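Single-letter residue listing:
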Amino acid sequence: MEQLLNIPAILAIAFAGSILVFVTHLVLPRLRTAVVLLLTLVPAYLVWQLPVDSPMVYFSLGGFDLSWGTNPYSRLFSLLIAGIGVLSTIYSLAFMKNKARLGFFYLAFLATIAAMYGIVFSQDLLSLFFFWEIMTWSSFLLVIYYRFENQQAGIRYFVFSAVGAYALLTAIVYLYSFTGDLSLAATFRVIPQLSTTQLSWITVLFLLGFGVKSALMPMHVWAPDAYRSAPSPFTALFSGVLSKMGVFGMGLVLFKFMGGLEPGHIIREVLAWMGGITALLGTFYAVFQTDAKKLLAYSSIAQLGYIIVGLAIGTPMSVMAAIFLALMHGIFKSMLFMGVGSVFHQTGSLDLNELTGLIRRMPLSFVTVLMGIITVAGVPPLGGFVGKWLLYESLITSNHYFLVIVLFTSSTAAFLYLYRLIFSIFLGQEEREFDHIKEVSWVMWVPMLILAGMTLVTGILPGIFFGPIAEAMQYLGFPQIDWQMSVLFNPWGNQVDMLSVITSIATVFLLGLAFITWKNFRTTRYVTTKDIHTSGEMPTENENLTYAIDFYRPFERAAAPIFKYKVTRMYASFAENAEHLFDLLRHVYTGNAQTYALYVVIFLVILIVFSGWIFGIQI
């Protein structure tokens, strides 16, 4: 009985908690922090102690049979929600301190976490769609948290979310017409009986719905502004976890719904190339950003492209790589948004042309961002290296050589924006305007360093994740995973077999540290960009004397022909043409009763004249 109540208890506490926090903020604001923390930790603890296969919970609502439960696949994502959810909440306690409308913020924040729990626990399509819509609405409220200044970003996010939701609903209704049952178990039984055409339509609709949340190009245009607009604690959750709900859904579709479509099927290949293009273009767009959060937003889009490629290819190694990268992305992207958010919290700026030389002022934030970009770049010994190696190896062994080139180009180009991010904020010249800046409070840097530590642990001991991932893959229909399927691992598969690599990297770092230490024994005078002279003339205040500004201008000019065709222009053109069409329709729907009567007469005349052709009736 206790196990039967766990999932309803998690959802009840999580949803009721969001409302209770809002009421507490209005009535007893001093207790708000304690209530927020408690109502985040309790559901997370219950999720942690849930068994891998918990007993199903069945009930009826409005004539439909609903069910909730866990399996190895859903449990993996529920733990990601719990972990990042708790750390983001703790981070928010200091970041959002003294901000306006905190009751509203935590109402939407906790409701988003609760809805994501509901999505992964749903064992029927109606529950999944219901929680999906709650997640969309609550996250939309946080995208527009700063109100009018983010109105356009909120509208764009909501429009694309609506398109995805209608695609999901259409697919669900279409499936229900065949099954007469909304449970996932019944759906999985009926799927093999469908024709290839029917299965293809269902698959495309589901992938469209889940692809929106995964920011798959060309459905990505909402993401940069939405990530930029939302408060940083929620952006960490948004990019780190909420985007994985799309990945979670894609996994179900590609392996539980599309089991009959083998690797190499046209749908899988098209999706894989869409993921590859997303990775490549997302990376190049990130290079040209001067806003730190927008840079990370395009980086997130690119990294999600890697994950989609792995899922679409569909081999055991590629799927292992994709799920591992999904978990790693949740970790490193959350910590990066937290690190950049900490800089914004202390300086009030996200402009890479303004921020500079903060390494001595904010050393812990620097360490967080440094480890984050190393993980994104896929450099050992951090976890990003393991995931990317597996993905490259899986593509090579499945003969997807051109995709390897695309992804490797994306991964290599990522060094451009990663270097710019850390150089512009931390490694540039120190300026007097930032002399007063200090490191953020421990409430903010503790979650960041916990996540940073996890990138190191998962890089050296990836078996911590590979065990649960292997169980999740068996649920998706794969046989038992062989740990020795990759040349990267030792026979036990519990750690990366690259002692010489780690030793070499450590040696380089130690030599570099020794050189810097020896050099700093000499007297060093720190100067600002204005503390110089040029040909005997003093520069004016508005002269640019640092190459941190226009960092990649030559590269941007060279790539300009590629990026002059933007997807946003296509959508804008579509919207403009639709508006013209609606203007024409306004001339038809005049609001005049006599005009409508004339329309009725014309319609009846058409029916009479063409009745034989329409109904087969001779008049």
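Residues numbered from 1 in each chain as written. Predicted model: local features only at pLDDT ≥ 70, side-chain atom pairs only at ≥ 80, totals over all residues. Heavy atoms only, no water.

## Regarding the overall build of the protein chain
Link 1 in the chain: When its secondary structure is counted, the protein chain shows 23 helices and two strands.
Link 2 in the chain: Residues counted as buried form 52% of the 619 residues belonging to the protein chain.
Link 3 in the chain: Put simply, of all contacts in the protein chain between residues at least 6 apart along the chain, 79% involve residues at least 24 apart.
Link 4 in the chain: Looking at the protein chain as shown, the accessible area adds up to about 28400 Å², and 67% of this sits on carbon and sulfur atoms. (Helix = DSSP H or I, 4+ residues; strand = E, 2+ residues; numbered from the N terminus. Buried < 20%, exposed > 50% of the residue type's maximum accessible area, 1.4 Å probe, protein only. Contact = heavy atoms within 4.5 Å. Areas by Shrake-Rupley, 256 points an atom, 1.4 Å probe, with all protein chains shown as cover.)

## Some thoughts on a nonpolar patch on the surface
Link 1 in the chain: A grouping of Ile19, Val23, Leu26, Val27, Leu28 and Leu31 is seen on the molecular surface, where their side chains present a nonpolar patch of about 560 Å² in accessible area.
Link 2 in the chain: Take Leu31: it is sitting in the loop between helix H1 (6–27) and helix H2 (32–49).
Link 3 in the chain: Leu31 sits in the partly exposed class, given a relative accessible area of 44%. (Patch = residues over 30% accessible without salt bridge, like charges linked within 9 Å, V, L, I, M, F, W, Y side chains within 5 Å. Salt bridge = Lys/Arg side-chain N within 4 Å of Asp/Glu carboxyl O.)

## A look at unusual backbone geometry
Excluding glycine, residues mostly carry a negative phi; peptide bonds, for their part, are mostly trans.
Link 1 in the chain: Look at the link from Met217 to Pro218: it is a cis peptide, with omega at 10°.
Link 2 in the chain: Mapped onto the fold, Pro218 is located in the loop between helix H8 (196–213) and helix H9 (223–229).
Link 3 in the chain: Of note in this structure, Ala215 is not a glycine but carries a positive phi near 55°.
Link 4 in the chain: Here Ala215 lies in the loop between H8 and H9.
Link 5 in the chain: You will see that Asn399, though not glycine, has its phi angle at about 65°, which is positive.
Link 6 in the chain: Looking at the element boundaries, Asn399 is found in the loop between helix H15 (383–397) and helix H16 (401–427).
Link 7 in the chain: For Asn399, a relative accessible area of 55% puts it in the exposed group.

## Things to note about the packing of aromatic side chains
Link 1 in the chain: This model, assessed by the stated rule, comprises 37 aromatic pairs.
Link 2 in the chain: Judged by centre distance (5.0 Å) and plane angle (35°), the ring pair of Phe324 and Phe466 falls under tilted. Here Phe466 lies in helix H18 (residues 463–475) and Phe324 lies in helix H13 (residues 316–347), a separation of 142 residues in the sequence.
Link 3 in the chain: Taken together, the ring pairs in this structure connect Phe104, Phe105, Tyr106, Phe109, Tyr145, Tyr146, Tyr157, Trp222, Tyr227, Phe234, Phe238 and Phe337 into an aromatic cluster.
Link 4 in the chain: The ring of Phe95 has Lys99 sitting right over it, with the charged end atom 5.1 Å from the ring centre.
Link 5 in the chain: If you follow Lys256 out to its NZ or CZ, it ends over the ring of Tyr475, 4.5 Å from the centre. (Phe/Tyr/Trp six-rings, centres within 6.5 Å; stacked < 30°, edge-to-face > 60°. Lys NZ or Arg CZ within 6 Å of the ring centre and 35° of its normal.)

## What about the side chain of Gln123?
Link 1 in the chain: Looking at the element boundaries, Gln123 is found in the loop between helix H4 (102–121) and helix H5 (125–143).
Link 2 in the chain: Note on Gln123: relative accessible area 9%, which makes it buried.
Link 3 in the chain: At 3.3 Å, the side chain of Gln123 and the backbone oxygen of Gly69 are in polar contact.
Link 4 in the chain: Sequence-distant contacts of Gln123, that is, excluding residues within four places in its chain, are made with Met56, Ser67, Trp68, Gly69, Thr70, Asn71, Ser183, Leu184 and Tyr475. (Polar contact = N/O pair within 3.5 Å; in protein donor to acceptor, adjacent residues only side chain to side chain.)

## Focus: H13
Link 1 in the chain: Along its 32 residues, H13 runs 46 Å from first to last C-alpha, staying within 8% of the 46 Å computed at 1.5 Å per residue.
Link 2 in the chain: Taking burial as the measure, the 32 residues of H13 include 27 buried ones, the bulk of the element. (Expected span 1.5 Å × (residues − 1).)

## With respect to the pattern of salt bridges
Link 1 in the chain: The full count for this structure, using the stated rule, is three salt bridges.
Link 2 in the chain: Among the ionic pairs, Arg156 bridges to Asp225, the shortest N-O distance being 3.3 Å. Highlighted residues: Arg156 in helix H6 (residues 151–179) and Asp225 in helix H9, separated in sequence by 69 residues.
Link 3 in the chain: The exposure class assigned to Asp225 is partly exposed, which follows from its relative accessible area of 23%.
Link 4 in the chain: In this structure, Asp291 engages Arg228 in a salt bridge whose closest nitrogen and oxygen atoms are separated by 2.5 Å. Of this pair, Asp291 sits in the loop between helix H11 (266–287) and helix H12 (292–313) while Arg228 is found in helix H9, placing the two residues 63 residues apart along the sequence.
Link 5 in the chain: Classification of Arg228 as partly exposed rests on a relative accessible area of 32%.
Link 6 in the chain: One connected set of salt bridges, linked through shared partners, spans Arg156, Asp225 and Lys294.

## Here we look at the nonpolar core
Link 1 in the chain: Counting 186 residues, the largest nonpolar core has Tyr117, Phe206, Trp222, Leu421 and Ile469 as its most contacted members.
Link 2 in the chain: Looking at which element gives the most residues to this core, the answer is H13, with 19 residues.
Link 3 in the chain: Filtering out sequence-adjacent residues up to four positions away, Ile469 remains in contact with Leu76, Met320, Ile323, Phe324 and Leu327. (Core = buried A, V, L, I, M, F, W, Y, C linked by side-chain atoms within 4.5 Å.)

## Describing helix H17 (residues 442–460)
Link 1 in the chain: A rise of 1.5 Å per residue sets the reference length of H17, with its 19 residues, at 27 Å; its end C-alpha atoms lie 27 Å apart and thus fit the reference within 8%.
Link 2 in the chain: Listing the buried residues of H17 in full gives Val443, Met444, Pro447, Met448, Leu451, Ala452, Thr455, Thr458 and Gly459.
Link 3 in the chain: In this structure, the buried residues of H17 make contact with helix H3 (72–95), H13, helix H14 (363–377), H15 and H18.

## Quick look at the side chain of Gln303
Link 1 in the chain: Counting through the fold element by element, Gln303 comes out in helix H12.
Link 2 in the chain: We classify Gln303 as buried; its relative accessible area is 5%.
Link 3 in the chain: When near neighbours in sequence (up to four residues on either side) are disregarded, Gln303 contacts His329, Phe332, Lys333, Val376, Lys388 and Tyr417.

## Re the packing of H14 against H16
Link 1 in the chain: Taken N-terminus to C-terminus, the directions of H14 and H16 make an angle of 175°; their axes are 9 Å apart at the nearest point. As the angle between them shows, H14 and H16 are arranged roughly antiparallel. Contact residues: H14 offers Ser365, Phe366, Val369, Leu370, Ile373, Val376 and Ala377, while H16 offers Ser411, Phe415, Tyr417, Leu418, Leu421, Ile422, Phe426 and Leu427.
Link 2 in the chain: Taken together, the residues that form the contact of H14 with H16 break down as 13 nonpolar, two polar and no charged. (Axes fitted to C-alpha atoms, helices over the stretch in contact; angles between N-to-C directions. Parallel < 35°, antiparallel > 145°, perpendicular 65-115°, else oblique. Nonpolar A, V, L, I, M, F, W, Y, C, P; charged D, E, K, R; others polar.)

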